[in-house]
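# Close look at the chain arrangement
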Amino acid sequence: MTAEKNIWAFSDVDDMLIATVRKAPIDGSHPAAVDDKGVVCGWLTPKQSRFLEMFRGQVNMVLTTARTSKGVSQLNLPVSGYAIVSFGGVIRRPDGSAEPHFRALMVAQCVQVKPGLRELLALIESTCKQRGINARARVVSDDGLDLFLSAKHNE
């Protein structure tokens, strides 16, 4: 990023900058994201391509997403710069490294909430099992930090 660009734009990724599986790709789209198995899970539509091209070199684009750092690394977008990932738990600098000052703040907070996350995970798992709820839950970690709990119904 250069000092001349003083406009900053923050944008979500899924179903904003790329079309995900829920919004099937349209003609002229090309792959923009893959999952952990290498399967395409996001497409850049012609409109989204034009939108991003409009800002290239003029605007500092900051990706904001629930995706983890790994998920963001699996994107193929014409964007480079900062990224706020894992629901705001990690800030990635343009070189891909974690922003050190923010990470230090998060380390302190994550140490405090880790026991609560594990306790809540156990409660959700036992409740789902007792009630026959077809769901999965996990503590999501990024950059070595346990950040949040994800619970999803399997259907």
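Quantities reported herein were computed from a predicted structural model and do not represent experimental measurements.

### Here's the deal with the overall build of the chain
- For the chain, the count of helices and strands is three helices and nine strands.
- Of the regular secondary structure in the chain, the N- to C-terminal order runs β-β-β-β-α-β-α-β-β-α-β-β.
- For the chain, buried positions account for 34% of its 155 residues.
- Surface accessibility of the chain: about 9,700 Å² in total, with carbon and sulfur atoms responsible for 56%.
- Of the side-chain charges in the chain, 19 are positive and 16 negative, and the distance between the mean point of each set is 3 Å.

### Examining the nonpolar core
- Core analysis: the biggest nonpolar cluster contains 22 residues, and Ile18, Leu44, Leu52, Leu63, Leu75, Leu77 and Leu147 have the highest contact counts within it.
- When residues of this core are traced back to their parent elements, those giving at least two are strand 3 (30-34), strand 4 (40-44), strand 5 (60-64), strand 6 (83-85), helix 3 (100-131) and strand 9 (145-153).
- With three residues, strand 9 is the largest single contributor of residues to this core.
- What Leu63 contacts, discounting residues up to four positions off in sequence, is Ser11, Val13, Leu17, Val72, Leu75, Val79, Tyr82, Ala83 and Ile84.

### A look at the packing of aromatic side chains
- A complete count under the given rule lists three aromatic pairs for this structure.
- Judged by centre distance (6.2 Å) and plane angle (55 degrees), the rings of Trp8 and Tyr82 are tilted. One end of the pair, Trp8, is in strand 1 (residues 8-12); the other, Tyr82, is in the loop between helix 2 (69-73) and strand 6, with 74 residues separating them in the sequence.
- With relative accessibility at 29%, the residue Tyr82 sits in the partly exposed group.
- Seen in terms of ring centroids, Phe87 and Phe148 are 4.9 Å apart; in terms of plane orientation they differ by 80 degrees. Their pairing is edge-to-face.

### Thoughts on the sheet that holds strand 2 (residues 19-20)
- Pairing within the open sheet is antiparallel, and its three strands lie in the order 2-4-3. With one partner strand each, in any of the chains shown, strand 2 and strand 3 form the two edges of the open sheet.
- Examined bridge by bridge, strand 3 and strand 4 share four bridges and lie antiparallel to one another. Considered in strand 4, the bridge of Pro31 is made with Trp43.
- Packing against the sheet, helix 1 (residues 46-55) makes contact with strand 2, strand 3 and strand 4, and its axis sits at approximately 65 degrees to strand 4.

The rules behind each value
- Residues numbered from 1 in each chain as written.
- Predicted model: local features only at pLDDT ≥ 70, side-chain atom pairs only at ≥ 80, totals over all residues.
- Heavy atoms only, no water.
- Helix = DSSP H or I, 4+ residues; strand = E, 2+ residues; numbered from the N terminus.
- Buried < 20%, exposed > 50% of the residue type's maximum accessible area, 1.4 Å probe, protein only.
- Areas by Shrake-Rupley, 256 points an atom, 1.4 Å probe, with all protein chains shown as cover.
- Lys, Arg positive; Asp, Glu negative; His and termini not counted.
- Charge placed at Lys NZ, Arg CZ, Asp CG, Glu CD.
- Core = buried A, V, L, I, M, F, W, Y, C linked by side-chain atoms within 4.5 Å.
- Contact = heavy atoms within 4.5 Å.
- Phe/Tyr/Trp six-rings, centres within 6.5 Å; stacked < 30°, edge-to-face > 60°.
- Pairing = 2+ DSSP bridges.
- Axes fitted to C-alpha atoms, helices over the stretch in contact; angles between N-to-C directions.

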